[in-house]
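Coordinates in review
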Amino acid sequence: MFQPVLLANVELENSHTLAVYERTGGYGALRKALKEMSAVEVTEAVKSSNLRGRGGAGFPTGLKWTFLPKDHPGPIYMCINADESEPGTFNNRILMEEDPHQVIEGIILGCYATRATTAYVYLRYEYPKSLERMQAAIDEAYAAGYLGKNILGSNFSLDIYMHRGAAAYICGEETGLIESLEGKRAWPRIKPPFPAVEGVFRKPTVVNNIETMACVTQIIRRGADWFKSIGVPADPKNPRDPGSYGPKLYCISGHVNKPGCYEAPLGITLRQLLNDYAGGVWKNRKAKAAIPGGISMGLFTEAEFDTPLDFNGPGKVGCLGLGTAAVVVLDETVSIVDFLHNSCRFFAHESCGQCTPCREGTAWSLSMLNRIKAGKGRLKDLDLLLEIGDTIGIIPGTTICGLADGAAWPIKNAIRKFRGEFEDYIKRTNPHGWMEERAVEAVAGLAH
Ligand SMILES: Cc1cc2nc3c(=O)[nH]c(=O)nc-3n(C[C@H](O)[C@H](O)[C@H](O)COP(=O)(O)O)c2cc1C
Ligand code: SF4
């Protein structure tokens, strides 16, 4: 079994305190960086580790940092994305509650590398314990000279602020986050310009996830080569694949014996995660399906469980990507119609409404699922749903942000992979083919 690194301390008593963190080598990476490394060298180390962002999109972290303008007089901001609203995902919470200093050390290193002098941690509203632990750790770090003016006697100064979020999924999209941080409704911005050029308060800004920052701490502490010794190497046949390196925090929940957050090398299969870490499917039942990386990534059938959970694996079986690597297992008793109904309800509720294809597409897909569930489904609704799924999102090029892609993938995967189950359901609940031939006159009354 892989020896945890990111979660190495979480079982220790008072793991969240500075005393325990320092006892286990904490802030050694920061001391080393401030003494021996220039900002460019820290960026280079992160770049050569090939660390890819852990927030969902998997963008190379070091490369993102180099997009900041070189000669900008300042200020530069760093936003740490702790909104963690993707269903099934709770690894950021574990890090913030049990090892907040590992995250804070990574933030300080990231700010040193990018010349940011202010960092905001945008925290999911529903995480009061994370707020308490992170704030206490920030206070300890100020008192010990790791934050504030002239950190550890260097020329580098940094302030970190906790900012409690607005309790909506869209606040996790990086430009929605920035708008919300500025005190506005979290409406994602049209890009370009990207945040690195024009972010918070229209200044250059880096947005990175909590787990990404914990990885930065470990890369500076242990070296880029150590990081690259773990995970899946780049595919030589694919010049756009930077590989899937490093340890990863996998969340697993749903119908399993031991739900939890487990650390493993990137690239373990869903079946290994389920059987070796989560103790298999509960109640001696069989698995039917699983979401691989948050609900927005789509759905694996049980036959696809041997797919590696790295940045490339889920795409090979028609999913959107690795996402947050949060797996939710559905056992054989679960109705995929119910699964899709829940998924559509979530995205219709969370769409911010700016883009017509997303606002209308998510609302109509929910209306159709409501109608199917009410025994008035038509077989042709399945093709209509697929049409919505295939036409909303950044990938087909019709929306501002990726929420719509996240809404589309569960629809596409559920219907394409489980079409027989949908057809049986519709034939059983609407045996006389209600409205099969004519247009449905009204669905509005069934929408809620
Ligand atoms: C609808 C939506 C919700 C998102 N929610 C989160 C989130 O809760 N946390 C997160 O880190 N990234 C989230 N992201 C991804 C961010 O936009 C961004 O890519 C990420 O914070 C960058 O950090 P990273 O490069 O370290 O992964 C979301 C994206 C979308 C489209
Ligand atoms: S895709 Fe959806 S959530 Fe994203 S900006 Fe458009 S309407 Fe809002």
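Analysis parameters
Starting afresh in each chain, residues are numbered from 1 along the sequence in its written order. The order in which chains are written sets their letters, starting at A; the order in which ligands are written sets their numbers, starting at 1. Local features in this predicted model are restricted to residues of pLDDT 70 or higher, and side-chain atom pairs are both shown and tallied only at a pLDDT of 80 or more, whereas totals for entire chains, interfaces and linings draw on every residue. Hydrogens and water are ignored here; the side-chain numbers use all heavy atoms of the structure. Whether a residue is near a molecule or strand depends on its heavy atoms: it is near if one of them lies within 4 Å of it. A cavity here means a set of 1 Å grid points, computed over protein atoms only, where a 1.4 Å probe fits but cannot escape. A pocket is an open set with protein on both sides within 12 Å along at least 5 of 7 lines, and lining residues have an atom within 4 Å of a point. Each molecule is checked against the cavity or pocket grid, and it sits inside if more than half of its atoms lie within 2 Å of the grid points. Polar contacts, as used here, are pairs of N or O atoms within 3.5 Å; protein pairs need one atom able to donate a hydrogen and one able to accept it. Residues neighboring in sequence count only if both atoms are side-chain atoms. Here the Shrake-Rupley method, with its probe set to 1.4 Å, supplies the accessible areas, and only the displayed protein chains count as covering residues. A run of H or I in DSSP becomes a helix once it reaches four residues, and a run of E becomes a strand once it reaches two; helices and strands are each numbered from the N terminus. Classification convention: Asp, Glu, Lys, Arg as charged; Ala, Val, Leu, Ile, Met, Phe, Trp, Tyr, Cys, Pro as nonpolar; all other residues, Gly among them, as polar. Interaxial angle, 0 to 180 degrees, is taken between N-to-C directions of lines fitted to C-alpha atoms, where a helix line uses only the stretch in contact. Should the near helix be turned anticlockwise from the far one by less than a right angle, the crossing is left-handed, and should it be turned clockwise, the crossing is right-handed. In what follows, residue pairs with any heavy atoms lying within 4.5 Å of each other are defined as contacts. Pairing of aromatic rings covers Phe, Tyr and Trp, the last counted by its six-membered ring, and requires centre-to-centre distances within 6.5 Å; plane angles under 30 degrees mean stacked, over 60 mean edge-to-face, and any other angle means tilted. Each residue is placed in one exposure class: buried if its accessible area under a 1.4 Å probe, protein chains only, is under 20% of its type's maximum, exposed if it is over 50%, and partly exposed if it falls in between. Here the expected span of a helix is defined as 1.5 Å times the quantity of residues minus one. What the arc measures is the spread of directions leading from the helix axis to the C-beta atoms.

Brief notes about the site of ligand 2
- Residues in contact with ligand 2 amount to 13 residues; listed here are only the nearest, Cys352, Gln354, Cys355, Cys358 and Cys401.
- Placement of ligand 2 is best described as lying within the largest cavity.

A word on the site of ligand 1
- Taken together, 18 residues form the shell around ligand 1, and within it Gly55, Asn81, Asn208, Asn209 and Thr212 come nearest.
- Here a nitrogen atom of ligand 1 sits 3.3 Å away from a polar atom, N or O, in the main chain of glycine 172.
- Alone, ligand 1 offers 610 Å² of accessible surface; in the complex the protein occludes 88% of this.
- For the shell around ligand 1, the element with the highest residue contribution is strand 4 (residues 205-209), accounting for three residues.
- Class assignment for the residues of the shell around ligand 1 results in three nonpolar, nine polar and six charged.

Overview of the packing of helix 15 (residues 379-391) against helix 16 (residues 403-417)
- Viewed as axis vectors pointing N to C, helix 15 and helix 16 meet at an angle of 140 degrees, and their least axial separation amounts to 8 Å. At the point where helix 15 passes helix 16, the crossing takes the left-handed sense. For the pair helix 15 and helix 16, the contacting residues are Leu382, Leu385, Leu386, Gly389 and Asp390 in the first and Ala408, Ile411, Lys412, Ile415 and Arg416 in the second.
- The class makeup of the residues in the contact of helix 15 with helix 16 is six nonpolar, one polar and three charged.

A few points about the packing of aromatic side chains
- Tallied over the full model, the rule gives 13 aromatic pairs.
- Ring centres of tyrosine 77 and phenylalanine 201 lie 5.6 Å apart, and the angle between their planes is 75 degrees; on these two criteria the pair is classed as edge-to-face. Residue tyrosine 77 is located in strand 1 (residues 77-82), and its partner phenylalanine 201 is located in the loop between helix 8 (174-181) and strand 4; the two are separated by 124 residues in the primary sequence.
- For tyrosine 77, a relative accessible area of 12% translates into the label buried.
- Judged by relative accessible area, phenylalanine 201 falls into the partly exposed class, the value being 39%.
- Relative to phenylalanine 347, the ring of phenylalanine 346 has its centre 5.0 Å away and its plane inclined at 80 degrees; by these criteria the two rings are edge-to-face.

So, helix 7 (residues 128-143)
- Given a rise of 1.5 Å per residue, 16 residues ought to cover 22 Å, and the 23 Å separating the end C-alpha atoms of helix 7 matches this to within 8%.
- Looking only at helix 7, the buried set comprises Ser130, Arg133, Met134, Ala137, Ile138 and Ala141. An end-on view of helix 7 places all buried positions within 135 degrees of arc, on one side of the element. Among the exposed residues of helix 7, those pointing more than 90 degrees away from its buried face are Glu132 and Ala143.
- Here the buried face of helix 7 lies against helix 5 (91-98), helix 6 (100-114), strand 2 (118-123) and strand 3 (159-164).
- Downstream of helix 7 by a residue or two, glycine 145 has a phi angle that is positive, lying close to 85 degrees.

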